[in-house]
Amino acid sequence: MKPFIVFENVDFKYRRSNNIFQSLVLAINSEETTAITGNNGSGKTTLSKLAAGMLHPQKGRVVVDGEDIKEMSLGELGTKLGYVFQAVERQLFGMTVLDELTFVNRLKGIEESETYAKANKLLEAFELTDLRDRHPSTLSYGEKRRLAIAAALMSDISFLILDEPTSFLDPDRIESLSSTLDSLKANGVGMLIISHDEDFVARHADRIIRIEDGGIVDDHRH
Ligand SMILES: Nc1ncnc2c1ncn2[C@@H]1O[C@H](COP(=O)(O)OP(=O)(O)O)[C@@H](O)[C@H]1O
Ligand SMILES: [Mg+2]
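Since we're looking at a predicted model, the values are computed, not measured. (Residues numbered from 1 in each chain as written. Chains lettered and ligands numbered in written order. Predicted model: local features only at pLDDT ≥ 70, side-chain atom pairs only at ≥ 80, totals over all residues. Heavy atoms only, no water.)

> Any chance you could explain the domain arrangement of the chain here in plain terms?
For interface size, the figure often reported is the accessible area lost on association. One can read the domain layout of the chain as domain 1 (3-80 + 157-221) and domain 2 (92-147). Distance between the C-alpha centres of domain 1 and domain 2: 25 Å. Taken together, the contact pairs nine residues of domain 1 with six residues of domain 2. Both faces combined, the contact of domain 1 with domain 2 buries some 680 Å², and carbon together with sulfur accounts for 61% of it. When the buried area of domain 1 at its contact with domain 2 is split by residue, Phe168, Arg173 and Thr180 rank highest and sum to 48% of it. On the surface where domain 1 and domain 2 come into contact, there are zero salt bridges. There are two residue pairs in polar contact (both at pLDDT 80 or more) connecting domain 1 and domain 2. Residues of the side of domain 1 that touches domain 2, tallied by class, amount to three nonpolar, four polar and two charged. (Domains from an automatic or database assignment. Contact = heavy atoms within 4.5 Å. Buried area = accessible area lost by both parts, 1.4 Å probe. Salt bridge = Lys/Arg side-chain N within 4 Å of Asp/Glu carboxyl O. Polar contact = N/O pair within 3.5 Å; in protein donor to acceptor, adjacent residues only side chain to side chain. Nonpolar A, V, L, I, M, F, W, Y, C, P; charged D, E, K, R; others polar.)

> What is the right way to look at unusual backbone geometry in this model?
Of all residues except glycine, most have a negative phi; of all peptide bonds, most are trans. For Glu127, which is not glycine, the phi dihedral falls at a positive 50°. Mapped onto the elements, Glu127 comes out in the loop between helix H4 (112-125) and helix H5 (141-152). Its identity as a non-glycine residue notwithstanding, Asp213 has a phi of 45°, on the positive side. Relative to the elements of secondary structure, Asp213 occurs in the loop between strand S9 (207-212) and strand S10 (215-221). When its relative accessible area of 73% is taken as the criterion, Asp213 is described as exposed. (Helix = DSSP H or I, 4+ residues; strand = E, 2+ residues; numbered from the N terminus. Buried < 20%, exposed > 50% of the residue type's maximum accessible area, 1.4 Å probe, protein only.)

What follows is the structure, encoded as structure tokens:
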């Protein structure tokens, strides 16, 4: 199996915190689903933000797809992996659902017919077609999360990081998110799922890593 996100002796602390990670060593593989579990405050979100280049270690390196992410722009990293926030509304900036899917590609100057063809496919796949003209802020949590995943997939990413994807979702919506993730997996998309939802983790994870106080206390295949 190919390592995709590698933490090499990573030390991390926030400006006003104790060490969150000390000499963290961890390799997360592509083409499988890895879950990170652990209590509140154990460092799960911090770990995922280090992987997504939103935070940088004080010591050590985070390597994505063979390259130190310090050497990559966020735009470049965004072509390799997608990130869906726990507070998903904070990452939706479009004026409409369709705009949310297309504005980055339009900014990049990618040909519009190509962009809209892709957006329409994703609207369909994520059951968002009827919502295409709605302002993202008017969507339910489940719809927002589907939209954020669809938006990440507008780039041809092969890896998706999801922070607490089931929070604020009722069981029906968890089920629909689950089938979305199943089909991504069937298409070879690797995932890192941060979650304390044991049923959800059991359903999706090939590998389960538990962290406590910034250290890995369990790492097993499922
Ligand atoms: N911006 C911040 N500044 C200082 N401390 C922080 C900040 N964000 C998180 N922390 C602290 O880092 C630790 C890990 O937090 P976090 O990664 O959010 O944990 P989890 O996602 O597992 O609940 C906690 O003790 C938290 O209080
Ligand atoms: Mg968290």
